[in-house]
Amino acid sequence: MRHLRIGVAVLISLLALSPAQSGWAQTPSGELPALEHFSASIVDHSVNPCDDFYQYADSKWLSAHPIPADQPGWGVEYPLQLWNETLLRATLEKASVAEGSRTPNEQKVGDFYYACMDEKNINVRTQEWLKPELERINAIRNKSDIATEVAHLHQTIPGAWIQGDDQTEAALLGFSGLPDYHDASRDVAQFDQGGMGLPGRSFYLDQTDKAKEIREKYLEHVANILVLSGEKPEVAKVDAAVVLEMETALAKAAMDPVARRDPKNLNNKMTLSEIKALAPSFDWDRYLEAVHAPATPHYIVTTPNFFKSLEALLQHQPLEHWRAYLRWQFLHGSASALSTAFVNENFSFYGRTLYGIEQLQPRWRRCVRSVDGNLGEALGQVYVARAFPPESKRRALQLVEDIEVALAKDIATQGWMAPATQKQALEKLHATMNKIGYPDKWRDYSSVEIGRASHLANRQNATRFEFERWVNKIGKPVDRTEWGMTPPTINAYEDPQTNTINFPAGILQPPYFDSSQDDAANYGSIGAVIGHETIHGFDDQGRKFDAVGNLRDWWTAQDGKEYEARGKCIADEYTQMVPEAGAGVKQDGRLTQGEDTADNGGLHLAFMALQSALARQGKDLDMKEKDGLTPRQRFFLAYAFSWCEQYRPETIRTWVLSNPHSYSKYRVNNVVSNMPEFWQAFGCQAGQKMVRAKACHVW
Ligand SMILES: [Zn+2]
């Protein structure tokens, strides 16, 4: 699943996504913050647009909006984030009042929010909640008990089912039901790497001073968390060193995120006996039984090498070390649901050290996101009723269709593609399912028990439901209509195996999509987002999947070579220093190649679609309007405005080293400097910075 945005807010709260239903007729009115809207007045005329377009279009807004102390950054989507959370907060506050009649969904989200907000209760009862969990881990007497505990962690700590770019966060390893690579109509059991508390394997392996400093702070953090759970400081210090040693061994064996971008590397089909031969010391039968995994003829093991390293750890690390490691994994995954001391210690490392954030966000914001992350489709219905009228859905669908027409035209006119490849590409495009706003069928949470007494128990119950939902998919037909993001999410994604593009209601809002603004601004902003997701199906990764989502090479050998040469141009262009992230931080263009291809191709498609829309209305791209700008100029300015955001250096550093998205500034400047349509808009000439001598173009 490839996203549009980095999703910093989600990363920091360390919450997993899951999206329900209710009959809430009314929505609260509360004071909603003002949303940002694109306007021509954003331009800084002291900057030459052909020299630095991001600076020209965004610097005025950015200098007027410094980063607040409790945020990793600030940009035009942040007021929308606050708007969404404020709206949901009023709903949750109302639902959290236990008196009167509540629908089953109101009871669940209301009580979840109530228990999350009840900091006093959490503080008083944290040690009581931890006791049975730590006792279970301390009672581990053999290797089979380790497998039982890992199953328990998967059922109670979000993350075991998430296939990320680096996949490091699941407790010890990841397990899920996901589409089979060669038969995308069925879900198959998949084992993945995991078990690391730092955001990527390079955080364990890099030998720079900064990386060493972060590892020192991580050691302190692990020890501090263990002390909070009741360990003596001198014991915790020893245990923290064990944790780092074991995680480093896992990181060494884990597949790096660039290699993970090639699905062929992940598609290792194995029988259960082959998996047992790979890591005989892990009690696979015990694990599979504990998570109630359906029987299946074969499994996918994404990273066999990782499991060899797991075997070595099981053979050579004493049980005492395993108990320390599993205590840490449990506490780490649960910290944000525990007492203030745990929350603050968690923030101190994951907020301050890794992202440079000065201050923890107010509790209500964290709790709103926690409900969204755990019972998202129960809460999402209210959001849709309040913020996403049918007219928005209709217009968004129209935009998607315009973009798809543009891509069809683009494919048909690629001189380097053989007709046979073009035909397959068009088949894939026409088979894409467009999902707009929210699911047609809402998830049923009736089996999830939620009460007012324990925030930790609520989160564990919601996690068990979500994990088992993923595990239950094994062996069953794939459901293309399911959503991987909740309705209020300000993001979008493409999924090559279901061949779907997905746009939650949360991003179909100002400043991205605004029914009061002209086509040039809408196409430059939400049009580019839609184009981005559409192109993902045809980026260097997406092109390896066919119309039905199977991993199959449908390119002629020659066309495949032609594609790779064009893709390499992009990867080379984006392999660049990122001074905003601190000295010496370099982006790996091979990691960001798919996202960068989607950015470039997406804006190109949006531009083509705008041309068609204007032609339908008898308008011209280069005719000056009242504000002195042409639609062509407004299109590119609106694009730059949609990426008008700035981040703290620590955030950018962690981002560049672990995330496949380029930093916002480069999402603007690298893209426009590849586009003759842009050069024409602002009269840019060869030799100027925004006119790239070797412009890259894939789509
Ligand atoms: Zn993307």
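As shown above, the structure is provided for reference.
Overview of the structure. Note that the structure is predicted; figures quoted are calculated from it, not measured.

Let us look at the overall build of the chain. Along the backbone of the chain there are 27 helices and 10 strands. Projected onto the principal axes, the alpha-carbon positions of the chain cover approximately 75 × 60 × 50 Å. Out of the 699 residues belonging to the chain, those deemed buried represent 63%. Working note: accessible area of the chain is about 25,600 Å², and carbon and sulfur atoms make up 53% of it. When the 74 basic and 89 acidic side-chain charges of the chain are each reduced to a single mean position, those positions are 1 Å apart.

Estimated volume of the largest pocket: approximately 490 Å³. Listed by contribution, the elements that provide at least two residues to the lining of the largest pocket are α7 (202-205), α10 (257-260) and α25 (649-658). Tallying contributions element by element places α25 first for the lining of the largest pocket, with 3 residues. By volume, the second largest pocket is sized at about 400 Å³. Asp262, Asp540, Arg543, Lys544 and Glu564 are, among the 21 residues lining the second largest pocket, the residues nearest its centre. For the lining of the second largest pocket, the elements supplying multiple residues, two or more each, are α10 and α22 (557-573). For the lining of the second largest pocket, the element with the highest residue contribution is α22, accounting for 6 residues.

This next bit is on the state of the cysteines. Scanning the entire structure with this criterion turns up 3 disulfides. Covalently, Cys116 is tied to Cys367 through a disulfide, its sulfur atoms 2.1 Å apart. With the S-S bond torsion at -85°, the cross-link from Cys116 to Cys367 turns out left-handed. Taken together, the residues span a long stretch of sequence, with Cys116 in helix α4 (residues 104-117) and Cys367 in helix α17 (residues 363-387) at a distance of 251 residues. Judged by relative accessible area, Cys116 falls into the buried class, the value being 4%. According to the relative accessible area criterion, Cys367 is buried, its value standing at 1%.

Another point: the pattern of salt bridges. One pass over the structure, following the stated rule, counts 39 salt bridges. With a shortest N-O distance of 3.6 Å, Asp262 and Lys544 are connected by a salt bridge. With a gap of 282 residues between them, Asp262 in the loop between α10 and α11 (263-266) and Lys544 in the loop between α21 (519-536) and α22 connect regions that are remote in the sequence. For Asp402, the salt bridge is made with Arg616, and the minimal N-O distance between the two is 3.2 Å. Highlighted residues: Asp402 in helix α18 (residues 390-412) and Arg616 in helix α23 (residues 593-616), separated in sequence by 214 residues. Using a relative accessible area of 9% as the deciding quantity, one classes Asp402 as buried.

Ranked by size, the top nonpolar core spans 123 residues in total, and within it Phe53, Phe636, Phe678, Phe682 and Trp699 carry the most contacts. Ignoring any residue separated from it by four or fewer positions in sequence, one finds Phe53 in contact with Phe636, Leu637, Ala640, Val668, Asn669, Val672, Phe678, Phe682 and Met690. Of all hydrophobic cores here, the second largest spans 78 residues; its members include Phe191, Ala223, Ala240 and Leu310.

With that settled, consider the side chain of His154. Positionally, His154 belongs in helix α6 (residues 143-156). Using a relative accessible area of 0% as the deciding quantity, one classes His154 as buried. Excluding residues that lie within four positions of it along the chain, His154 makes contacts with Ala160, Trp161, Ala171, Leu173, Tyr287, Thr463 and Phe467.

Right, let's get into the side chain of Asn121. Structurally, Asn121 can be placed in helix α5 (residues 119-138). On the accessibility criterion, Asn121 (18% relative accessible area) is buried.

Time to look at the packing of aromatic side chains. Taken as a whole, this structure holds 40 aromatic pairs when the rule is applied. Ring plane angle 75° and centroid distance 5.9 Å describe the contact between Phe538 and Trp699, whose orientation is recorded as edge-to-face. With Phe538 in the loop between α21 and α22 and Trp699 in the segment after α27 (676-682), this pair connects stretches of sequence that are 161 residues apart. Residue Phe538 shares its accessibility class with Trp699, and that shared class is buried.

Calculation rules
- Residues numbered from 1 in each chain as written.
- Predicted model: local features only at pLDDT ≥ 70, side-chain atom pairs only at ≥ 80, totals over all residues.
- Heavy atoms only, no water.
- Helix = DSSP H or I, 4+ residues; strand = E, 2+ residues; numbered from the N terminus.
- Buried < 20%, exposed > 50% of the residue type's maximum accessible area, 1.4 Å probe, protein only.
- Areas by Shrake-Rupley, 256 points an atom, 1.4 Å probe, with all protein chains shown as cover.
- Lys, Arg positive; Asp, Glu negative; His and termini not counted.
- Charge placed at Lys NZ, Arg CZ, Asp CG, Glu CD.
- 1 Å grid on protein atoms, 1.4 Å probe; cavity = no way out; pocket = protein on both sides within 12 Å on 5 of 7 lines; lining within 4 Å.
- Points joined across faces, edges and corners; volume = space filled by probe spheres on them.
- Disulfide = S-S within 2.5 Å.
- Salt bridge = Lys/Arg side-chain N within 4 Å of Asp/Glu carboxyl O.
- Core = buried A, V, L, I, M, F, W, Y, C linked by side-chain atoms within 4.5 Å.
- Contact = heavy atoms within 4.5 Å.
- Phe/Tyr/Trp six-rings, centres within 6.5 Å; stacked < 30°, edge-to-face > 60°.

Taken by themselves, the reported measurements are silent on function.
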